[in-house]
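Listed below, chain by chain, are the residues.
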Amino acid sequence: MIPRHQAHRISAQVALMVGLAAITLLPAVLGAQQVSPDTKPEDLAQGEFVWEPEAGPSGPVVVLVSLNEQRAYVYRNGILIGYTKVSTGKPGHETPTGVFTILQKDKDHVSSIYKAKMPYTERLTWSGICLHAGGLPGYPSSHGCIHLPLEFSRLLFDIEHLGATVVIADETSGPKEATHPALLLSP
């Protein structure tokens, strides 16, 4: 049996270790760390992103989501300005493929179905498929939405307008390479 004064000390040490672990994991939980533009998409760690809006300072925005790669690419006026890892729909809740437009935007959205916070929501379908900040475990884990790192979703939310184009593709539904992303640009 541990004497009472030692039990309190052990309890305090455990609380300190848990607190330090939480602080260490905070960036991963928040899922947002901007990295050098020299970082290739395939070299991104979970929660990292590249954001270079000055590469394409104006023009229409198109987001390309690759289900196979679990990455999103942001083009402005046909120029790649950002990319990140994402988490899409898990088995049984697959993210649909196709060409979508932003139907609605809500910075502080809460899911009416799951009662979950969905920061920086950009609605793609009226049935609930959206781009928004969410969990990034490194594999498809959502109920069909595209989860983005928190800061990346905020930056994207700030530059996208209603009607902007979002293309969601997998290896069977889209081209292997988009050589002319400007063809996808919304008017």
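This text goes with the structure placed above it.
Novice: How should the nonpolar core be read in this particular structure?
Specialist: Across soluble globular proteins, nonpolar side chains have a tendency to be buried as a group. Core analysis: the largest hydrophobic core is formed by 24 residues, its most contacted members being Val65, Val74, Leu124 and Leu131. Secondary structure elements with two or more residues in this core: β2 (48–51), β3 (61–66), β4 (71–76), β10 (146–148), α2 (150–159) and β11 (165–169). Here this core gets 4 residues from one element, more than from any other, and that element is α2. Every residue in contact with Leu124, bar those within four places of it in the chain, is listed here: Phe100, Thr101, Ile102, Leu103, Ile129, Cys130, Leu131, Ile146, Val166 and Ile168. The next biggest cluster of nonpolar side chains, apart from the first, holds 8 residues, and it includes Val35, Leu44, Tyr75 and Tyr83.

Novice: Honestly, unusual backbone geometry in this entry has me stumped. Any pointers?
Specialist: Note: most residues except glycine have negative phi, and most peptide bonds are trans. Look at Gln70: it is not a glycine, yet its phi comes out positive at around 55°. In this fold, Gln70 is placed in the loop between β3 and β4. Judged by relative accessible area, Gln70 falls into the buried class, the value being 10%. One non-glycine residue, Tyr120, lies in positive phi territory at about 55°. Along the chain, Tyr120 turns up in strand β8 (residues 117–123). Judged by its relative accessible area of 16%, Tyr120 is buried.

Novice: I would appreciate a short explanation of the sheet that holds strand β6 (residues 98–101) in the present structure.
Specialist: Strands belonging to one sheet form pairs held by backbone hydrogen bonds; the direction of such a pair is parallel or antiparallel. Taken together, 7 strands build an open sheet; the order of strands is β1-β2-β5-β4-β3-β11-β6 and the sheet is mixed. Single-partner strands in this sheet number two, and they are β1 (33–34) and β6. Bridge analysis of β3 against β11 gives 5 bridges, and the strand direction is parallel. Counted as the bridge partner of Val63 is Val166 from β11. In the packing of α2 onto the sheet, contacts are made with β2, β3, β4 and β5 (79–85), and the angle to β2 comes to roughly 30°.

What counts and how
Residues numbered from 1 in each chain as written. Predicted model: local features only at pLDDT ≥ 70, side-chain atom pairs only at ≥ 80, totals over all residues. Heavy atoms only, no water. Core = buried A, V, L, I, M, F, W, Y, C linked by side-chain atoms within 4.5 Å. Buried < 20%, exposed > 50% of the residue type's maximum accessible area, 1.4 Å probe, protein only. Helix = DSSP H or I, 4+ residues; strand = E, 2+ residues; numbered from the N terminus. Contact = heavy atoms within 4.5 Å. Pairing = 2+ DSSP bridges. Axes fitted to C-alpha atoms, helices over the stretch in contact; angles between N-to-C directions.

Bear in mind that shape data such as this cannot, by itself, settle questions of function.
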